[in-house]
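A look at the structure
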Amino acid sequence: MKKTFLSLLVPVLCFAGASPVLAGTTPILPGTGISGSSFGSGSPTGGLYDNMSRTKVFITVEGQTLILGELNQSSLPVLNPLAVNNKAIQEFIFLLTGDKGKFSGNSPEIKTAQTNLVNKLTGLGLDLNEGRPARQLVSALTLLIPFGNDAKPSDTIGVAAVDGTKMYQAITAFNALVTDLANTANGTGAEAAKARTVLNALLQDETFTSISSTLRALRDQLKDRERKEEEKK
């Protein structure tokens, strides 16, 4: 199986006048090899989220352990207090783990949470293309940790504690969403002005920044290990 380096675009957007500037951004780079164990492996073809619905990405047991450790020790301790007064963050946590794996993707509760989170994001302005960017992101986030955050990592893709395919799709959907907005914002006219307004709203919204920082933190667990493996060469 082809080894893959999966990067996450989490831009720092600075506004000087009317033009946003992306600093330190890194797009997804499918197909980059790493040595040693494969912490994020698959055979992606690249492109936008719609073209990757059949991509299968497996994260090794060690990689799953790193991600679950980050989620339980760092991300959830930050998210849970925010969720007390933020219903959308509650929905995000619920969708991510299915309430410790109690709910399947077809559960009415999951469908309701998806709708609520999509509505929250479209309310921030992600109603572009009839809300498609928001729906793609929420769909990819759903049950990314399919059996709950206390699940035991497995070397079998069907029962892995971290769904590598979902993680890849969530990162890619997030990248495509932000990149498209930023590219539009760099233009002129009404559409560019709207994109800048949306980007400002996203950067100031607790729910969206919680989603982006959580994705980055989970991804960085693999990225750091990949770097260490590369240094051993």
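So, how was this worked out
- Residues numbered from 1 in each chain as written.
- Predicted model: local features only at pLDDT ≥ 70, side-chain atom pairs only at ≥ 80, totals over all residues.
- Heavy atoms only, no water.
- Salt bridge = Lys/Arg side-chain N within 4 Å of Asp/Glu carboxyl O.
- Helix = DSSP H or I, 4+ residues; strand = E, 2+ residues; numbered from the N terminus.
- Buried < 20%, exposed > 50% of the residue type's maximum accessible area, 1.4 Å probe, protein only.
- Expected span 1.5 Å × (residues − 1).
- Arc of directions from axis to C-beta.
- Axes fitted to C-alpha atoms, helices over the stretch in contact; angles between N-to-C directions.
- Parallel < 35°, antiparallel > 145°, perpendicular 65-115°, else oblique.
- Left-handed = near helix turned anticlockwise from the far one by under 90°.
- Contact = heavy atoms within 4.5 Å.
- Nonpolar A, V, L, I, M, F, W, Y, C, P; charged D, E, K, R; others polar.
- Phe/Tyr/Trp six-rings, centres within 6.5 Å; stacked < 30°, edge-to-face > 60°.
- Bend = angle between axes of the 7 residues up to and from the residue.
- Polar contact = N/O pair within 3.5 Å; in protein donor to acceptor, adjacent residues only side chain to side chain.
- pLDDT = per-residue confidence, 0-100.
- Core = buried A, V, L, I, M, F, W, Y, C linked by side-chain atoms within 4.5 Å.

1. Observations regarding the pattern of salt bridges
- According to the stated counting rule, one finds four salt bridges in the structure shown.
- We note a salt bridge from Asp150 to Lys100, for which the minimum N-O separation is 3.1 Å. Of this pair, Asp150 sits in the loop between helix 4 (132-141) and helix 5 (164-185) while Lys100 sits in helix 2 (residues 87-101), placing them 50 residues apart in sequence.
- Classification of Asp150 by relative accessible area gives exposed; the value is 59%.

2. Considering helix 3 (residues 108-123)
- For helix 3, which comprises 16 residues, the first-to-last C-alpha distance of 22 Å matches the rise-based estimate of 22 Å (1.5 Å per residue) to within 8%.
- Listing the buried residues of helix 3 in full gives Ile110, Ala113, Gln114, Leu117, Val118 and Leu121. The arc enclosing the buried residues of helix 3, seen along the axis, measures out at 130°, which places them on a common side. Opposite the packed face of helix 3, turned more than 90 degrees from it, sit the exposed residues Pro108 and Gly123.
- At the C-terminal side of helix 3, Gly125 shows a positive phi close to 115°.

3. Observations concerning the packing of helix 4 against helix 5
- It is at 8 Å that the axes of helix 4 and helix 5 come closest, and there the two elements cross at 160°. Here helix 4 lies roughly antiparallel to helix 5, going by the angle between them. Crossing hand, helix 4 versus helix 5: left-handed. Residues Pro133, Gln136, Leu137, Ser139, Ala140 and Leu141 of helix 4 touch helix 5, and the partners they reach there are Lys166, Gln169, Ala170, Ala173, Phe174 and Leu177.
- Classifying every residue of the contact of helix 4 with helix 5 gives eight nonpolar, three polar and one charged.

4. Observations regarding the packing of aromatic side chains
- Taken as a whole and assessed by the stated rule, the structure comprises two aromatic pairs.
- Where Phe94 meets Phe103, the ring centres are 5.2 Å apart and the plane angle is 80°; that geometry is what we call edge-to-face.

5. Examining helix 2
- Here helix 2 contains 15 residues, and its C-alpha end-to-end distance of 20 Å stays within 8% of the 21 Å for a straight helix at 1.5 Å per residue.
- Along helix 2, the sharpest kink reaches roughly 70°, centred on Leu95.
- Ala88, Ile89, Glu91, Phe92, Ile93, Phe94, Leu95, Leu96, Thr97 and Gly98 are the residues of helix 2 that are buried.
- Between a side-chain oxygen at the N-terminus of helix 2 and the backbone nitrogen of Ala88 the separation is 3.0 Å; the capping residue is Asn86.

6. Some remarks on the confidence of the model for the chain
- Within the chain, residue pLDDT values average 74, and 72% of them lie at 70 or more.
- In the predicted structure, residues 1-52 sits below a pLDDT of 50 and forms 139 contacts with residues beyond four places in sequence or in another chain.

7. Regarding unusual backbone geometry
- Look at Asp99: it is not a glycine, yet its phi comes out positive at around 50°.
- You can see Asp99 is positioned in helix 2.
- According to the relative accessible area criterion, Asp99 is partly exposed, its value standing at 32%.
- We note that Lys100 has phi near 60°; this positive angle belongs to a residue other than glycine.

8. A short note on the nonpolar core
- Core analysis: the biggest nonpolar cluster contains 51 residues, and Met167 and Leu181 have the highest contact counts within it.
- At nine residues, the largest contribution of residues to this core is made by helix 5.
- Apart from residues no more than four positions distant in its own chain, Met167 is found in contact with Ile59, Ile67, Leu144, Val162, Leu218, Arg219 and Leu222.

9. With respect to the packing of helix 1 (residues 61-83) against helix 2
- Interaxial distance between helix 1 and helix 2 falls to 8 Å at its minimum, and their mutual angle equals 145°. Counting all contacts with helix 1, which are made through Leu71, Leu76, Leu79, Asn80, Leu82 and Ala83, the residues of helix 2 involved are Ile89, Gln90, Phe92, Ile93, Leu96 and Thr97.

10. What about the side chain of Asp205?
- Examined against the element boundaries, Asp205 turns out to sit in the loop between helix 6 (190-203) and helix 7 (206-231).
- Under the relative-accessibility criterion, Asp205 is labelled buried at 11%.
- In contact with Asp205, other than residues within four places in its own chain, are Lys120 and Leu124.

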